Amino acid sequence: MKLITHKFGMLFSFLFVLCLTITSCDFEFDLPEEGSIADNTLPTAAFSASQTDAEDFRIVTFTNQSASATSYNWDFGTGDTSEEKDPSYSFAGEGVYTVTLDISDGNGVTASVTNEINVIEPEEPDDIVPTVLNGDFDGGQDDWKIESFTDGTTSPFNSSSDGSPVDYDGNDTGAKTAGAKWTMGTSAAHLLSGNSRFAYQAFTVSPNKTYVVEWEYAIKNDATDVTGGDRLVLQILDGHYSDGKDALTAPVLSETVGDDALGKGNFTVLKTEFETNDSGKIAIWMFGVTSEDAYADNIKLYPKG
Amino acid sequence: MNKLYNIAILAISMALISCGDDYLNPSPTSAISEAGYFETQSQLESGVINMYDGIQGVNSTGTNNNRAVQIEFYMAEMLSDNTRTKSFEGEAAQFESYDVKSTNGIITDYYRSMYDIIFRANTVLANLEVATTKKAQFEGEAKFVRAYAYFNLVRLFGDVPLLDRVVDPLETDLQFTRVGTSQVYDLIISDLTTAAANLDNSYKTRASQAGAQAMLAKVHLTLGNYNEARSLCESVVGAGFALEPNFKDVFYNEGNDEVIFSIGYLSDDTDDSQNFSSEWLNAVGRTSGVNYVTDEAVTALDALGGDRTAYSYRVDAIQNEQHQVVKYLPNGDDALGIDAVSSNPVLAGNDWIVIRYADVLLMHVEAIMAGGINTVDGAAIASFQAVRDRAGLTTVVSEVTKQQLLDERRVELAFENHRFFDLVRMGAAIEVLSEYSTNNGYNFSGTDLILPIPQREINLSNGVLTQNPGY
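Residues numbered from 1 in each chain as written. Chains lettered and ligands numbered in written order. Predicted model: local features only at pLDDT ≥ 70, side-chain atom pairs only at ≥ 80, totals over all residues. Heavy atoms only, no water.

> Sorry, what's going on with the side chain of Ser155(A) here?
Residue and element names in this part refer to chain A. Looking at where Ser155 falls in the secondary structure, it is placed in the loop between β7 (110-119) and β8 (158-160). You can call Ser155 buried: its relative accessible area is 13%. Within the structure, the side chain of Ser155 is placed 3.1 Å from the side chain of Arg197, a separation counted as a polar contact. For Ser155, the residues in contact, after removing those within four places along its chain, are Gln141, Arg197 and Phe198. (Helix = DSSP H or I, 4+ residues; strand = E, 2+ residues; numbered from the N terminus. Buried < 20%, exposed > 50% of the residue type's maximum accessible area, 1.4 Å probe, protein only. Polar contact = N/O pair within 3.5 Å; in protein donor to acceptor, adjacent residues only side chain to side chain. Contact = heavy atoms within 4.5 Å.)

This is the structure in structure tokens:
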């Protein structure tokens, strides 16, 4: 009997456990989503781009204007990608590139935007057009004197009324105008003395560009010649100088020599192209090496093209 | 019986009269209210003055007041590489570190101030019919002031709600719907065009023709309309303004020939004084010192300022490693020969210059440069040279590069609320501010070029107003 009771007891225990098991199966535990609210702020993708490097136009900085996103995938349309928020990217060169930004938030919701990016090479800067002061010598020696001249004279040339019959604006009037004159006594080079005269004028031009210096000269006749021939020389000096002694030994960017003795009043136009230096600071330096009177007029300096 | 009849008639008459609107909505007799106030031209003129009072702002240290132009430097200078807080702390330091929160009380104040000014201008425009002889003038002034406020808003906040008339409190759709910047600029251009046509140059502390032309020139530069900007600048150049020979006098000789439009303040007057001058000093105002000059700006001024440097910044006498702005000092500087402007520096009377002639000359250069990287144009060089000559920098210039123009604007107009706008307008903001931010350990990204819409406004809109990206 006691055994039977025990067996019944076991049965009851078994049933009880079974009931519990069945009952517990009816419970539903709260799922993670229960009580949470829908995500109404979905990610939106947007960006802008700008060429931000003054030195290198190919570098484009992207500004991410996306909202409600946590991860970013950029495709620059060149095969390169980035996962930065605000990347910078160096394109190969000028052109239109299709850039795509894919974004997603923490729930894995994604958005995407594609923009065409126009990478433009900036225009070449305009070249400086320098003004040659008193280029027609109407003002006599004005604006052509160097500040000082150790062991020399700052007087640049002899003022002359036997200049070119062409006006500074290119108009040929047939009547002679003012000009600059060098003589045997004011000559330089191997004839250098305390009386040698040099015309000097400083300019600031665009660095590392091609410029043209244009001028007219005439030599009185071919009667006698100095060593190397009667000539007028126009040099472009590298830099600005305040003392003629320094200018004499200055590096020369370009030199033009006028040596055709066609006679007084018969002017020849010379044009010389030259490359400017890194600083853009240059000077015109003119002198004569001549036994016969030589004349110059209408000095012009301008960028090529 | 007859008597009773009379009483009845009287009662009925009274009843009929009392049915009028005035009984339910009486006009107050002890105070002035807008309803029914604007009946004569002189009354409307007080409404016109009220607009400038709005720009002037309240001399207060609390963000619940509309402080308007008195707090503009936080955005226009401290958000640039020119200035910062002295102690790198507090809400004000959010600007220099490019960490401005939408809850920032200063931007909330400024945004609200601009719409307050717009409301005041729209009120004048709504009552123009009472004007007799000055109708065109008042219309011009109101439209100038409205354009001034929108130009500031659109440059700082991007797309903004556009209110071109007085709105009802219930018209929430208008109040909280942001419209595109191009639509805002359309209104600004149309307002300034009307102002330039209707006004003359009688005033410096009220709107003028030259003021409207100069501001319109800057709007066109911002939009890249360089030809329009150039001809507007040339109109102002021909209007008889001139550079003050001595740079100091621009700021300490009020109403001088260089000033085109300024906001007037009166010294030691609680209603019409300003406190920004004292906030820029060492713990004279409420802050320990804001709008202090950055090392970067000191370097630029030392290198390029010429005669302007001494009157632009000085060493802080209390903390020698710090630098203060010298323009608009309220309590003078003996060493520089500047007299005190007010006996109480917190109630300063220094006028705030919005537009001056040097700005127009440099805008002229910018218009001719037309977005390029340099100009060798003679007219541009002449304008540029004029500004430099006054500063004692008389070396003859033969070209102006974009970088030189940006630098020249920085040192000529330092701390006059131009720098941030100049950097953005000339397309240099991301490059310059990224480098500045990196060097100083700040937090700049491209989205910082537009401020957040104040959270308070978004809350008021029940979420209709959208936030700018990056906030």
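The rest of the description comes next.
> Looking at this model, I keep getting lost on the layout of surface pockets. Mind explaining?
Rolled over the atoms, a probe with the dimensions of a water molecule shows which regions are left empty. When its volume is computed, the second largest pocket comes out at roughly 840 Å³. Here the residues of the lining of the second largest pocket are counted per class, giving 14 nonpolar, eleven polar and five charged. (1 Å grid on protein atoms, 1.4 Å probe; cavity = no way out; pocket = protein on both sides within 12 Å on 5 of 7 lines; lining within 4 Å. Points joined across faces, edges and corners; volume = space filled by probe spheres on them. Nonpolar A, V, L, I, M, F, W, Y, C, P; charged D, E, K, R; others polar.)

> It is not clear to me how the pattern of salt bridges should be interpreted in this structure. Could you clarify?
Opposite charge on two side chains permits pairing when their charged atoms draw close. Residue and element names in this part refer to chain B. Applying the stated criterion across every chain yields a total of 36 salt bridges over all chains. For Glu45, the salt bridge identified is with Arg206, shortest N-O distance 3.1 Å. Taken together, the residues Glu45 in helix α3 (residues 41-56) and Arg206 in the loop between α9 (181-198) and α10 (209-223) connect sequence positions 161 residues apart. The class for Arg206 is buried, based on a relative accessible area of 8%. Between Asp109 and Arg67 there is a salt bridge, with its nearest N and O atoms 2.9 Å apart. Placement of Asp109 in helix α6 (residues 105-126) and of Arg67 in the loop between α3 and α4 (72-76) is noted, with a sequence separation of 42 residues between them. (Salt bridge = Lys/Arg side-chain N within 4 Å of Asp/Glu carboxyl O.)

> Sorry if this is basic, but what is going on with the sheet that holds strand β4 (residues 81-82) of chain A here?
Two pairing modes exist for strands in a sheet, parallel and antiparallel, and in both the strands are linked by backbone hydrogen bonds. Residues and elements named next belong to chain A. Here four strands make up an open sheet; going across it, the order is β4-β3-β6-β7 and the pairing antiparallel. This sheet does not close on itself; its edge strands, each paired only once, are β4 and β7. Taken together, the ten bridges between strand β6 (residues 95-104) and β7 define a ladder with antiparallel strand orientation. Each residue of the ladder has a partner; that of Val96, found in β7, is Asn118. (Pairing = 2+ DSSP bridges.)

> Got a minute to help me understand the interface of chain B and chain A in this structure?
One frequent convention defines the size of an interface as the accessible area lost when the parts assemble. Each partner contributes to the interface: chain B provides twelve residues, whereas chain A provides 16 residues. Both sides of the chain B and chain A interface together cover about 1,100 Å² of buried area, and 60% of this is carbon and sulfur. Counting across the interface, chain B meets chain A through zero salt bridges. Across the chain B-chain A interface, the total number found is one residue pair in polar contact (both at pLDDT 80 or more). Among the residues forming the side of chain B that touches chain A, the class breakdown is four nonpolar, six polar and two charged. (Buried area = accessible area lost by both parts, 1.4 Å probe.)

> In this structure, what is going on with the packing of α10(B) against helix α15 (residues 357-369) of chain B? I would like to understand it.
To describe two helices that pack against each other, one gives the angle between their axes and the distance between the axes. All names here are of chain B. In contact at an axis separation of 11 Å, α10 and α15 are set at 30° when each is read in the N-to-C sense. Judged by the sense of rotation from one axis to the other, the crossing of α10 with α15 is left-handed. Seen from α10, the contacting residues are Ala214, Ala217, Lys218 and Leu221; seen from α15, they are Asp359, Val360, Met363, Glu366 and Ala367. A per-class count over the contact of α10 with α15 returns six nonpolar, no polar and three charged. (Axes fitted to C-alpha atoms, helices over the stretch in contact; angles between N-to-C directions. Left-handed = near helix turned anticlockwise from the far one by under 90°.)

> Help me out: how do you make sense of the nonpolar core in this one?
Nonpolar side chains in soluble globular proteins tend to be buried together. One finds Tyr74(B), Phe95(B), Tyr150(B), Phe157(B) and Ile188(B) to be the most contacted residues of the largest nonpolar core, which totals 135 residues. Here the element with the most residues in this core is helix α7 (residues 135-157) of chain B; it accounts for 13 residues. Among residues more than four places away in sequence, those in contact with Ile188(B) are Ala147(B), Tyr150(B), Phe151(B), Val154(B) and Val219(B). In this structure, Ala180(A), Val205(A), Ile284(A) and Leu301(A) belong to the second largest nonpolar core, which totals 27 residues. (Core = buried A, V, L, I, M, F, W, Y, C linked by side-chain atoms within 4.5 Å.)

> Honestly, the environment of Asn253(B) in this entry has me stumped. Any pointers?
All names here are of chain B. Mapped onto the elements of the fold, Asn253 is located in the loop between α12 (247-252) and β4 (259-263). Assessed through its relative accessible area of 36%, Asn253 is described here as partly exposed. Asn253 sits 98 residues away from Asp351 along the chain, and the two C-alpha atoms are 9.9 Å apart.

> Where do I start with the sheet that holds strand β1 (residues 47-51) of chain A in this structure?
All names here are of chain A. Sheet architecture is open: three strands sit in the order β1-β2-β5, paired in antiparallel fashion. The sheet is open, and its two borders are formed by β1 and β5 (88-90), each paired with just one other strand. Going from strand to strand, the sheet's axes swing by 25° on average, the running direction of each strand aside. Relative to β5, strand β2 (residues 59-64) runs antiparallel, the two sharing three bridges. Across the sheet, Val60 pairs through a bridge with Tyr89, a residue of β5.

> Hey, could you run me through the side chain of Ser80(B) in this one?
All names here are of chain B. Mapped onto the elements, Ser80 comes out in the loop between α4 and β1 (83-84). Residue Ser80 is classed as buried on the basis of its relative accessible area, which comes to 0%. Only 3.0 Å separates the side chain of Ser80 from the backbone nitrogen of Asn82, close enough to count as a polar contact. Residue contacts for Ser80: discarding those within four places in its chain leaves Tyr98, Arg419, Phe420, Leu423, Leu433 and Tyr436.

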